[in-house]
Amino acid sequence: MQLSDKEYQQMTKKASPNSPVLLDCTKAFLVGGFLCALGEVIFQLVQRAGLSEQDARLTVSVSLIFLAVVLTGFQVFDNIAKHAGAGTLVPITGFANSVVAPAIEFKAEGYVLGLGAKMFIIAGPVLVYGITAATLYGIIYWIMQMI
């Protein structure tokens, strides 16, 4: 049975209801803001405890990565992401989740062919394009400095 374009569009519209865009954006903003505020709280606390600014920033990064890894391991991160959407993609936590989730999922296939081979299945393209973009930007910046 061949569907016409109009019939297909009607079926698609019926099967996929509209998203509450304003609510989704609000949730993403609040969760992303919370993660950033949490990072700032950690930064202020460890800096007041005597760490240098550079060490405090490192502590924030490590703490947020650890939090994302633990929440991913207990399958809490995905539940938060269902509601917060892009708010969980604050770069450091989203990247940690994108590395840990496949590693956990494919661990049963073994350390080499499972965990090792599949760990960067999601994060790999992000790394490739990020490094490529950074390299191109660096080359352009270097050329502009020479002019």
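Our subject is the structure that appears above.
So, here is what we can say about the structure in this document.

The rules behind each value
Residues numbered from 1 in each chain as written. Predicted model: local features only at pLDDT ≥ 70, side-chain atom pairs only at ≥ 80, totals over all residues. Heavy atoms only, no water. Helix = DSSP H or I, 4+ residues; strand = E, 2+ residues; numbered from the N terminus. Rg over C-alpha atoms; globule rule 2.2 N^0.38 Å. Buried < 20%, exposed > 50% of the residue type's maximum accessible area, 1.4 Å probe, protein only. Patch = residues over 30% accessible without salt bridge, like charges linked within 9 Å, V, L, I, M, F, W, Y side chains within 5 Å. Areas by Shrake-Rupley, 256 points an atom, 1.4 Å probe, with all protein chains shown as cover. Salt bridge = Lys/Arg side-chain N within 4 Å of Asp/Glu carboxyl O. Phe/Tyr/Trp six-rings, centres within 6.5 Å; stacked < 30°, edge-to-face > 60°. Core = buried A, V, L, I, M, F, W, Y, C linked by side-chain atoms within 4.5 Å. Contact = heavy atoms within 4.5 Å. Axes fitted to C-alpha atoms, helices over the stretch in contact; angles between N-to-C directions. Parallel < 35°, antiparallel > 145°, perpendicular 65-115°, else oblique. Left-handed = near helix turned anticlockwise from the far one by under 90°. Nonpolar A, V, L, I, M, F, W, Y, C, P; charged D, E, K, R; others polar. Polar contact = N/O pair within 3.5 Å; in protein donor to acceptor, adjacent residues only side chain to side chain.

**Topic: the overall build of the protein**
- Helix and strand counts for the protein stand at 7 helices and 0 strands.
- Computed over the C-alpha atoms, the radius of gyration of the protein is 21 Å, more than 25% above the 15 Å expected from 2.2 N^0.38 for a compact globule of 147 residues.
- Along the three orthogonal principal directions, the C-alpha set of the protein runs to about 70 × 45 × 40 Å.
- When each of the 147 residues of the protein is scored for burial, the buried share is 20%.

**Notes on a nonpolar patch on the surface**
- Side chains of Leu136, Ile139, Ile140, Trp142, Ile143, Met144, Met146 and Ile147 sit close together on the surface and give an oily, nonpolar patch of about 920 Å² of accessible area.
- With respect to the helices and strands, Leu136 occurs in helix α7 (residues 123–146).

**Some remarks on the packing of aromatic side chains**
- Applying the stated rule across the entire model yields 1 aromatic pair.
- Ring geometry for Tyr137 and Tyr141: centres 6.3 Å apart, planes at 20 degrees, overall stacked. Remark: Tyr141 and Tyr137 occur in helix α7; sequence separation between them is 4 residues, near one turn of the helix.
- We classify Tyr137 as exposed; its relative accessible area is 58%.

**Brief notes about the nonpolar core**
- Membership of the largest hydrophobic core is limited to 6 residues, which are Ile42, Phe43, Val46, Ala56, Val60 and Leu64.
- Residues contacting Ile42, with those up to four places away along its chain left out, are Val60 and Ser63.

**Notes on the packing of helix α2 (residues 21–48) against helix α3 (residues 53–73)**
- In the contact formed by α2 and α3, the axes pass within 9 Å of each other and the chain directions differ by 135 degrees. Taken as axis vectors, α2 and α3 run oblique relative to one another. Considering only the axes of α2 and α3, their crossing is right-handed. Each of Leu35, Leu38, Gly39, Ile42, Phe43, Val46 and Gln47 in α2 lies in contact with α3, whose residues at this interface are Glu53, Ala56, Arg57, Thr59, Val60, Ser63, Leu64 and Leu67.
- For the contact of α2 with α3, the residue count by class is 9 nonpolar, 4 polar and 2 charged.

**Overview of the side chain of Thr72**
- Within the secondary structure, Thr72 is located in helix α3.
- Its relative accessible area of 8% is what places Thr72 among the buried residues.
- Among residues more than four places away in sequence, those in contact with Thr72 are Phe77, Asn97, Val100, Ala101 and Ile104.

**Quick notes on the environment of Pro17**
- By the secondary structure assignment, Pro17 is in the loop between α1 (5–15) and α2.
- We classify Pro17 as exposed; its relative accessible area is 67%.
- Between the alpha carbons of Pro17 and Asp78 there is a distance of 22 Å; along the sequence they are 61 residues apart.

**Some details on the side chain of Thr93**
- If you trace the backbone, Thr93 turns up in helix α5 (residues 91–106).
- Of the polar contacts made by the side chain of Thr93, one reaches the backbone oxygen of Thr88; its length is 3.3 Å.
- In this structure, Thr93 is in contact with Leu35, Leu64, Ala68, Phe77 and Thr88, ignoring residues within four places of it in sequence.

**Some words on the pattern of salt bridges**
- Scanning all chains against the criterion turns up 1 salt bridge.
- With its nearest N and O atoms 2.7 Å apart, the salt bridge here joins Arg57 to Glu53. Remark: Glu53 and Arg57 occur in helix α3; sequence separation between them is 4 residues, near one turn of the helix.
- Given a relative accessible area of 43%, Glu53 falls into the partly exposed group.

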